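Survey of secondary and tertiary structure
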Amino acid sequence: MARRYFTTPIYYVNDRPHIGHLYTTVVTDTLARFFRQQGEDVRLLTGTDEHGQNIEKVAKKEGVAPIVVADRHALTFRNLWKEFGISNDDFIRTTELRHRLGVEEIIRRIDAAGDLYSAGHEGWYCANCEAFYPEKDLVDGNCPVHGFKTEWQREENVFFRLSKYGPRLLELYEKGVEGKPFVFPESRLNEVRSFVESGLKDLSVSRTTISWGIPFPGRPGHVVYVWLDALVNYITALGLGSSDLTLYERYWPGIHVIGKDILRFHAVYWPAFLMSAGLPVPRQIVSHGWWLRDAKKMSKSTGNVVRPDDLVAAFGVDALRWHLVSAMSFGQDANFSDEDFLAGYNADLANGLGNTLSRAVKMSRDFFGGKTPSVRRKTTPGGPLVFVAAQKAGDDWKNSFEGYRLQDAAAAIRYLLGAIDAEITATEPWKALRQPPLSSEELFEFRSHVLYDCLEALRVAACMLAPIAPRTATEVFRRLGTDKRAEDLRASDLAWGLLPLDAPLPAAPPLFPRADAKEYFASRGAGTAGASKESSVADTKENISPSKQIPPSSPETKISIDDFLKIDLRVGEVIAAEKVEKSKKLMKMTVRIGEEVRTIVGGIATAYTAEQLVGRKLVFVANLAPAKLMGIESNGMVLAATLPETGEASLLAVDPSVPSGAKVK
Ligand code: MSP
């Protein structure tokens, strides 16, 4: 079985994650899921990069130990990845012992190769990048990546003989690995090649100016340079430095997915370290572009970031996953705008997928007693049209993913959904009076054929959607009367004709309710994308239409603070959810509040699916007397706003970093 080991960069723990971080992780997860679906043995690693000057500074400012800051942010990342359905097999932190042992091992090997020596070192240092830059690379004296002031720093350091590896690196760029270019896309390979061709200087790999790092073996007072420390995570997580090398032998070398800002570290330093240590170089470095806001890289230091929290509260995790994957040409930069997000959401998810699915399901339920049709037609190479479209889309989808053209894989799904919609519009299966007229048997057969084809093509589209929006794919399968899960899919699931005949089709609310862009922009004051600093793309649903908000309560209904404090409001995490059978509105949730797990039933099933709830943190009334709802004992209540127009529930959003059990007041 083919094997593939994907890694994301490990994230700095001096900031909450923003859309840029999320992008790297979501695209890597999407690729990992795609190759698993193809039947490969895939491993996915992510984690946090916790040492270095930046974290030391933040901790000092907060008056706490650096590990306190690191713990907090590592938890935020872990929770966010869980919320986003990231299918990582491991999460490594550079403060773990297993990592330190691996770093020590690699340094031992590099030292044994004679590639370390001590020398004085001075140069222009960017504290943000944790890197020295030659004067010629500075822009007006500032860091070429962040535009920050650089400082002249002088140290007595341990050096790595990077210069020695120039020729071997150039050979690596020339030959690639296993017949594939070492860096993707090739334009980036050229950048790296010119950098190496212009001459490599030896690299300082220890620091004495900071103490928050891994002690450099045999050099008291020195800590390991943060990039050497960080890069090694890709193999310490596989067991390098321990006595159990099973994972290392099974999965290394891996494929590193990274942003273009950290290409040099991955395509120059990292293979050189590995060559020196006598270990295989990575299989490939896959580098993507940046999400921009106002034409600038979105980053904390620039202050122009979009956080995922509000977006997710308003539109759901998969809407954001879909946007990130489909709206950026992989490898290039793209601007993040509210308009694009909403347009894509409405066109692809609310309309393309949601509306097409509910039309086809509704007709099938109406004509075939709540089920899928009981007969279907044979396919030929030329038809029916949706079958031909599904085949073409499936091929395009696979080729696109294999070529890292993720946006084209998304376009193939869009194309198939368009073909299904066109088929429904062209055949008008709802019309009983037809030209030429059909007998009732013929009408039954005609509708069966058309609707089976459309539902089956929707099933194929959901298989293709699974790597990008896994929970949505699982939900589409459920709505099509099958119990497949995105995680169980294999390449063979794209074959035509797997939708069961006569399968019950559940009634369901809209999959992705349409967003009203006009109202949305009105509520935000003119829709100026990127106008606000630290802005979120979407406010929670109740903010969409401020003019329709419910008036404040009258003075008579005011309560004292003591009365209010009688209500024990807590953050809880939904660990399982299922719709209550025979009830339209009720959802049964298994909720963890601190240490305790309990059942809470809420009237939110018309607004949320079980999949949308699992993994989310919500606010609950924890001390409500138990009540029986449809025979189920509910021990608490979930808090949600009521949308004025539809009466639909909109759950209160909680920052994923808040621990379950935290008190709300
Ligand atoms: N800690 C290093 C990586 C060490 S890997 C051995 C680091 N961390 S980071 O948190 O700053 O960035 C992690 C990833 O987020 C990088 O791939 C980076 O490119 C990505 N992004 C951060 N901002 C981004 C955008 N605005 N757009 C897209 N991705 C960007 O670097």
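Quick caveat, the model's predicted, so the values are computed rather than measured. (Residues numbered from 1 in each chain as written. Predicted model: local features only at pLDDT ≥ 70, side-chain atom pairs only at ≥ 80, totals over all residues. Heavy atoms only, no water.)

1. A closer look at the sheet that holds strand S8 (residues 203–204)
Hydrogen bonds along the backbone pair up the strands of a sheet, which may run parallel or antiparallel. Spatial strand order, S5-S4-S6-S8: four strands in an open sheet with antiparallel pairing. Looking at strand neighbours, the two that pair on one side only are strand S5 (131–133) and S8, the edges of this open sheet. The pairing of strand S4 (residues 116–126) with S5 spans three bridges and is antiparallel. The residue of S5 that forms the bridge with Trp 124 is Tyr 133. (Pairing = 2+ DSSP bridges. Helix = DSSP H or I, 4+ residues; strand = E, 2+ residues; numbered from the N terminus.)

2. Description of helix H15 (residues 406–427)
In a regular helix each residue adds 1.5 Å, so 22 residues correspond to 32 Å; H15 covers 32 Å between its end C-alpha atoms and thus fits that length. The positive-phi residue at the C-terminal boundary of H15 is Glu 428, with phi of around 45°. (Expected span 1.5 Å × (residues − 1).)

3. Notes on the site of the ligand
Neighbouring residues of the ligand: 25 residues in total, closest Ile 10, Asp 49, Asp 261, Trp 291 and Met 298. Take Trp 291: an N or O atom from its main chain is 2.8 Å from a nitrogen atom of the ligand. Contact distances for the ligand include 2.9 Å between a nitrogen atom and a backbone N or O atom of Met 298. A total of 660 Å² of accessible area belongs to the ligand in isolation, and the protein chains cover 96% of it. Those elements that provide at least two residues to the shell around the ligand are strand S1 (3–12), helix H1 (19–37), helix H7 (226–231), helix H8 (233–236) and strand S11 (255–259). (Near = heavy atom within 4 Å. Polar contact = N/O pair within 3.5 Å; in protein donor to acceptor, adjacent residues only side chain to side chain. Areas by Shrake-Rupley, 256 points an atom, 1.4 Å probe, with all protein chains shown as cover.)

4. What about the domain arrangement of the protein chain?
For the protein chain, the assigned domains are domain 1 (3–297), domain 2 (335–494) and domain 3 (546–664). Taken over C-alpha atoms, the centre of domain 1 sits 42 Å from the centre of domain 3. Counting the surface lost from both domain 1 and domain 3, the interface buries some 530 Å², and carbon and sulfur atoms represent 49% of this. Of all residues in domain 1, Asn 79, Lys 82 and Glu 83 bury the most surface against domain 3, accounting for 62% of the area lost on that side. Joining domain 1 to domain 3, the criterion identifies two salt bridges. On inspection of domain 1 and its partner domain 3, the count reaches one residue pair in polar contact (both at pLDDT 80 or more). Residues belonging to the side of domain 1 that touches domain 3 are distributed by class as follows: one nonpolar, two polar and three charged. (Domains from an automatic or database assignment. Buried area = accessible area lost by both parts, 1.4 Å probe. Salt bridge = Lys/Arg side-chain N within 4 Å of Asp/Glu carboxyl O. Nonpolar A, V, L, I, M, F, W, Y, C, P; charged D, E, K, R; others polar.)

5. What about the environment of Ala 432?
Note on placement: Ala 432 falls in the loop between H15 and helix H16 (440–465). For the pair Ala 432 and Arg 447, spaced 15 residues apart in the sequence, the C-alpha separation amounts to 9.7 Å. With residues up to four places along the chain from it excluded, the contact list for Ala 432 reads Leu 443 and Arg 447. (Contact = heavy atoms within 4.5 Å.)

6. Observations concerning the nonpolar core
Core analysis: the largest hydrophobic core is formed by 97 residues, its most contacted members being Leu 320 and Leu 416. Of the residues forming this core, the biggest block, 13 residues, is contributed by H16. The contact partners of Leu 320, leaving out residues within four places of it in the chain, are Ile 19, Leu 22, Phe 84, Pro 308, Leu 311, Val 312, Phe 336 and Phe 341. (Core = buried A, V, L, I, M, F, W, Y, C linked by side-chain atoms within 4.5 Å. Buried < 20%, exposed > 50% of the residue type's maximum accessible area, 1.4 Å probe, protein only.)

7. Considerations on the pairing of strand S19 (residues 617–621)
Counted residue by residue, S19 has five buried out of five residues, so it is predominantly covered. Alternating residues of S19 divide into Lys 617, Val 619 and Val 621 and Leu 618 and Phe 620, and every residue in both groups is buried. When strand S16 (residues 569–579) meets S19, the two strands line up antiparallel, connected through five bridges. Looking across to S19, one finds that Glu 573 is bridged to Lys 617. Here two bridges tie S19 to strand S22 (residues 637–638), and the two strands are oriented antiparallel to one another. From the neighbouring strand, Val 621 faces S22, where its bridge partner is Met 637.

8. Some words on the packing of helix H12 (residues 317–326) against H15
Interaxial distance between H12 and H15 falls to 8 Å at its minimum, and their mutual angle equals 115°. Here H12 contributes Trp 322, Val 325 and Ser 326 to the contact with H15, which in turn contributes Leu 406, Gln 407, Ala 410, Ile 413 and Arg 414. Of the residues that constitute the contact of H12 with H15, the class distribution is five nonpolar, two polar and one charged. (Axes fitted to C-alpha atoms, helices over the stretch in contact; angles between N-to-C directions.)

9. Digging into a nonpolar patch on the surface
A grouping of Val 64, Ile 67 and Val 68 is seen on the molecular surface, where their side chains present a nonpolar patch of about 180 Å² in accessible area. Mapping Val 68 onto the fold places it in helix H3 (residues 66–83). (Patch = residues over 30% accessible without salt bridge, like charges linked within 9 Å, V, L, I, M, F, W, Y side chains within 5 Å.)

10. Quick notes on the pattern of salt bridges
Pairing between side chains of opposite charge can happen when the charged atoms of each approach one another. Counted by the stated rule, this structure contains 46 salt bridges. Residue Arg 188 is joined to Glu 191 by a salt bridge in which the shortest nitrogen-to-oxygen separation is 3.6 Å. Within this pair, Arg 188 and its partner Glu 191 are both found in helix H6 (residues 186–197), separated by three residues, close to a single helical turn. When salt bridges with common partners are traced through the structure, they connect Asp 29, Arg 33, Arg 321, Arg 485, Glu 487 and Asp 488 into a single cluster.

11. Side note on the packing of aromatic side chains
With the rule as written, the count across this model stands at 30 aromatic pairs. Taken together, a centroid distance of 5.6 Å and an interplanar angle of 20° make the contact between Tyr 117 and Phe 159 stacked. Separated by 42 residues along the polypeptide, Tyr 117 in strand S4 and Phe 159 in strand S6 (residues 151–160) bring together distant segments of the chain. With relative accessibility at 24%, the residue Tyr 117 sits in the partly exposed group. Cluster of aromatic residues (ring-pair linked, three or more members): Tyr 5, Tyr 234, Tyr 251, Trp 252 and Trp 270. Over the aromatic face of Tyr 415 sits the side chain of Lys 392, whose NZ or CZ is 5.5 Å from the ring centroid. (Phe/Tyr/Trp six-rings, centres within 6.5 Å; stacked < 30°, edge-to-face > 60°. Lys NZ or Arg CZ within 6 Å of the ring centre and 35° of its normal.)

12. With respect to the sheet that holds strand S3 (residues 90–93)
Taken in spatial order, the six strands make up an open sheet running S3-S2-S1-S11-S12-S7, and their pairing is parallel. Edge positions in the sheet fall to S3 and strand S7 (183–184), since each has one partner strand and no second. Bridge count for S11 against strand S12 (residues 284–288) is five bridges, and the pairing is parallel. Pairing of His 256 across the sheet is with Ile 285, part of S12. Lying on the sheet, H3 is in contact with S1, strand S2 (41–49) and S3; it crosses S3 at an angle near 160°.

13. Comments concerning the side chain of Thr 474
Inspection of the secondary structure assignment puts Thr 474 in helix H17 (residues 470–479). Beyond its immediate chain neighbours, meaning those up to four positions away, Thr 474 contacts Lys 484, Arg 485, Ala 486, Glu 487 and Glu 611.

14. Let's talk about the environment of Phe 148
The residue Phe 148 is located in the loop between S5 and S6 in this model. With a relative accessible area of 30%, Phe 148 lands in the partly exposed category. Here the alpha-carbon distance between Phe 148 and Leu 494, two residues 346 residues apart in the chain, equals 50 Å. Setting aside residues up to four positions removed in sequence, Phe 148 forms contacts with Asn 128, Asn 142, Cys 143 and Ser 301.

15. Remarks on unusual backbone geometry
In terms of backbone geometry, most residues other than glycine have negative phi values and most peptide bonds are trans. Look at the link from Trp 252 to Pro 253: it is a cis peptide, with omega at 5°. On the secondary structure map, Pro 253 appears in the loop between helix H9 (246–251) and S11. The linkage connecting Gln 435 with the following residue, Pro 436, adopts the cis geometry, with an omega of -10°. Phi is positive for Glu 178, close to 50°, though the residue is something other than glycine. Tracing the backbone through its elements, the reader meets Glu 178 in the loop between helix H5 (166–175) and S7. The exposure class of Glu 178 is exposed, given its relative accessible area of 61%.

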